[in-house]
Amino acid sequence: MQLLGHTEGKISTLKQRAEWGIRSQRQIIISTLLSPAILLFCFPFLASLWLLFSNSAYHFNGIKIERLVTFEAYRDFFTDPFYWDVLKRTLSLATIATTVTTTISYPVAYAISRLQSQRLKILFYILIFSPLLTSIVTRAFGWMILLGGNGFINYALVQTGLVNEPVRMIYDVKGVIIAMVHIPVSYTHLTLPTILLV
């Protein structure tokens, strides 16, 4: 009995070692296959960051960079309230755009993930991605026509009596948020259903 138990223990140890060896071989193969793609993406990113930080250390006279190390760009960033205001606006716009995109996309993505018919799913995806088939310039002009002072939305609001005069919806924060949301919404519709199916 002891011999049998000892043999079973050795077999289980050998199995564990074989599984570990197969797992480590698989990881080596995956790492080897992924390394060119990782290098392709990481090298330009790291090179551009290095150029950015190395050039930001030099003095900029308004026209060109002088090879004089001053770090004044960092001093200006941390001491000038203008840069902090720009950073605050950027972060607030990003937060609002992300929240609006998720709020719009989640119900649609949930409905798509619950559809049983593959044909209906394909139809919905075609409808969602069809705006991406037009150029960004055409979409920008389309939004200008819709949101302008004499645009369709203002016309409808005035005609229904909801407002007395046209509402400014372009060339301000609302227009920027609409422009920042209308493209990511389509991509969010693509990614969220796969998460909801899990």
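Okay, so let's go over this structure.

Rules behind the numbers
- Residues numbered from 1 in each chain as written.
- Predicted model: local features only at pLDDT ≥ 70, side-chain atom pairs only at ≥ 80, totals over all residues.
- Heavy atoms only, no water.
- Phe/Tyr/Trp six-rings, centres within 6.5 Å; stacked < 30°, edge-to-face > 60°.
- Buried < 20%, exposed > 50% of the residue type's maximum accessible area, 1.4 Å probe, protein only.
- Helix = DSSP H or I, 4+ residues; strand = E, 2+ residues; numbered from the N terminus.
- Salt bridge = Lys/Arg side-chain N within 4 Å of Asp/Glu carboxyl O.
- Axes fitted to C-alpha atoms, helices over the stretch in contact; angles between N-to-C directions.
- Parallel < 35°, antiparallel > 145°, perpendicular 65-115°, else oblique.
- Left-handed = near helix turned anticlockwise from the far one by under 90°.
- Contact = heavy atoms within 4.5 Å.
- Nonpolar A, V, L, I, M, F, W, Y, C, P; charged D, E, K, R; others polar.
- 1 Å grid on protein atoms, 1.4 Å probe; cavity = no way out; pocket = protein on both sides within 12 Å on 5 of 7 lines; lining within 4 Å.
- Points joined across faces, edges and corners; volume = space filled by probe spheres on them.

**Some details on the packing of aromatic side chains**
- Tallying each qualifying case throughout the model produces eight aromatic pairs.
- Seen from their ring centres, Phe 77 and Phe 78 are 5.1 Å apart, and the 80° between their planes marks the pair as edge-to-face.
- Look at Phe 77 and you get partly exposed, because its relative accessible area is 28%.
- Relative to Tyr 110, the ring of Tyr 106 has its centre 6.4 Å away and its plane inclined at 20°; by these criteria the two rings are stacked. Taken together, the residues Tyr 106 and Tyr 110, both in helix H3 (residues 81–114) and four residues apart, mark about one turn of the helix.
- Under the relative-accessibility criterion, Tyr 110 is labelled partly exposed at 39%.

**Brief notes about the pattern of salt bridges**
- Per the stated rule, a full pass over the model turns up four salt bridges.
- Across the pair Asp 85 and Lys 88 runs a salt bridge, and its minimum N-O distance is 4.0 Å. A residue pair is termed a helical-turn pair when its members lie 3 or 4 positions apart in one helix, as Asp 85 and Lys 88 do in helix H3 at three residues.
- With a relative accessible area of 29%, Asp 85 lands in the partly exposed category.
- For Asp 85, the salt bridge is made with Arg 89, and the minimal N-O distance between the two is 3.4 Å.

**Some details on the packing of H3 against helix H4 (residues 118–129)**
- At a minimum axis distance of 9 Å, the contact between H3 and H4 shows a crossing angle of 155°. Here H3 is positioned roughly antiparallel relative to H4, judged by the angle of their axes. The crossing of H3 and H4 is left-handed. Note on element contacts: H4 touches H3 through Lys 121, Phe 124, Tyr 125 and Ile 128, opposite Val 108, Ile 112 and Ser 113.
- Among the residues making up the contact of H3 with H4, the classes are represented as five nonpolar, one polar and one charged.

**Describing the layout of surface pockets**
- Reported here for the largest pocket is a volume of approximately 190 Å³.
- Those elements that place two or more of their residues in the lining of the largest pocket are helix H5 (136–147) and helix H7 (173–181).
- Broken down by element, the lining of the largest pocket gets its largest block of residues, five residues, from H5.

**A look at unusual backbone geometry**
- If you check the backbone angles, Phe 71 has positive phi at about 55° while not being a glycine.
- Here Phe 71 shows up in the loop between strand S2 (65–69) and helix H2 (72–79).
- Judged by relative accessible area, Phe 71 falls into the partly exposed class, the value being 45%.
- Backbone geometry at Tyr 171 places phi at a positive 65°, although glycine is not the residue there.
- Relative to the elements of secondary structure, Tyr 171 occurs in the loop between helix H6 (152–160) and H7.
- Owing to a relative accessible area of 63%, Tyr 171 belongs among the exposed residues under this scheme.

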